[in-house]
Amino acid sequence: MNRREFLKLSGAGILAMAFGGFNLTEAKKFSPRIDFHAHAILPSYVEGLKKLKIDAPAEEGFPLPQWSVEAHLKFMADAGIDFTILSMPTPHIYNGAENEKISIEVAREINEDLSALCKKYPDKFGFVAVLPMPSVEGSIAEIKYATEKLGALGVKVASNSDGVYLGDEILNPIFEELNKRKSLVIMHPSPARKLPREKVVTGKVMALFEYPADTTRAVLNLLANGTLEKFSAIKFVVPHCGSFLPYMKQRAGAMFQMLASMQMMPPVDISAGLGKLFFDLAGDPTPEQMDILLKITDAEHLIYGSDYPYVPAAVLLKKKSLLDAELAKRRWTKKIYSDNAKKILGAVQ
């Protein structure tokens, strides 16, 4: 089933395919809780890393967590999550141009396995496809195959792929294809190619600092190069409560303005650019982080993300309990878990 068929079947209630036992009237009343940030660590991914000679613990400073569909379904049930959009974890599956053919093959294997899993549990899981970026031809071919043949709801892109960052004009043909399809594009951090690793705490575990730093770097590059404006039909999702973007809005805005006045870059409306983005709440969103995030966006652009299984289920349940209390206080529960998802997935209201 392709994305267009998926959206047709969603009808008046988002993900009506997943809740096909409901009629349209019932579907309108039902507000499923959607998780936009969760990972499936499948054998094809683990084996793909081996084929590409990528050592995940060495690159990330953190071992790949254990994952099973049974454990994930239990977490969803305990957390009250109705539907999860799965994506590939990190590290990204690219290890140099000399291994590009392998990356293309691994991407196909992962996407086919994700599709098979989602078809087995269509009422619980959907997925966004992994692309063998920065391979342009390989990525465009995988976009077409994954969305038209496998039922992918969009794609996941790394903040940088082998040092090529989102916003690099080399990637424009990929974004042209995604823009044509009005695709959902979920970003995920990937450590920069070269980092200080020794005798500095941020070099030990990438999730501590490098994840938000590289996400911020990628989004600033998208803004500076006009990618968001040029490919305005794409629905971009930024992870982890916006990373460092709330701090960078004012600083980058002032710097962009100065650089534009010196004709070192084109003018950029940073507020307008950030306003096009959606932000998932994976991480620690309440209450301080959410208030900081709301300096650069609004409640209409926030969606839920758990980051399962990278955060243990017991910890996530405690965090979600705090989040739910905060959302209830702000009267945003339905908006964050369901209504904003409808905008992203293009479901009929």
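Structural data are supplied above this passage.
Residues numbered from 1 in each chain as written. Predicted model: local features only at pLDDT ≥ 70, side-chain atom pairs only at ≥ 80, totals over all residues. Heavy atoms only, no water.

S.K.: Got a minute to help me understand the packing of aromatic side chains in this structure?
M.R.: Given two aromatic rings, one states the distance between the centres and the angle between the planes to describe the pair. If you walk through the whole model with that rule in mind, you get six aromatic pairs. An angle of 40° between the planes, with centres 6.0 Å apart, marks the rings of Phe-175 and Phe-236 as tilted. Taken together, the positions of Phe-175 in helix H8 (residues 172-180) and Phe-236 in strand S9 (residues 235-238) put the pair 61 residues apart, joining distant regions of the chain. Each member of the pair, Phe-175 together with Phe-236, is buried. Cluster of aromatic residues (ring-pair linked, three or more members): Phe-175, Phe-231 and Phe-236. Sitting over the face of the ring of Tyr-337, Arg-33 holds its NZ or CZ atom 4.7 Å from the ring centroid. Of note, Lys-320 hangs over the ring of Tyr-304, and the distance from its end group to the ring centre comes to 6.0 Å. (Phe/Tyr/Trp six-rings, centres within 6.5 Å; stacked < 30°, edge-to-face > 60°. Helix = DSSP H or I, 4+ residues; strand = E, 2+ residues; numbered from the N terminus. Buried < 20%, exposed > 50% of the residue type's maximum accessible area, 1.4 Å probe, protein only. Lys NZ or Arg CZ within 6 Å of the ring centre and 35° of its normal.)

S.K.: Help me out: how do you make sense of the pairing of S9 in this one?
M.R.: Successive residues of a regular strand alternate their side chains across the two faces of the sheet. Burial of S9 is two-sided: the residues Lys-235 and Val-237 facing one way and the residues Phe-236 and Val-238 facing the other way are all buried. Examined bridge by bridge, strand S8 (residues 184-188) and S9 share three bridges and lie parallel to one another. Residue Leu-184 lies in a different strand from S9, and its bridge partner there is Lys-235. Taken together, the two bridges between S9 and strand S10 (residues 278-280) define a ladder with parallel strand orientation. Residue pairing for S10: Val-237 is matched across the bridge by Phe-278. (Pairing = 2+ DSSP bridges.)

The values reported here are purely geometric and, on their own, carry no functional implication.
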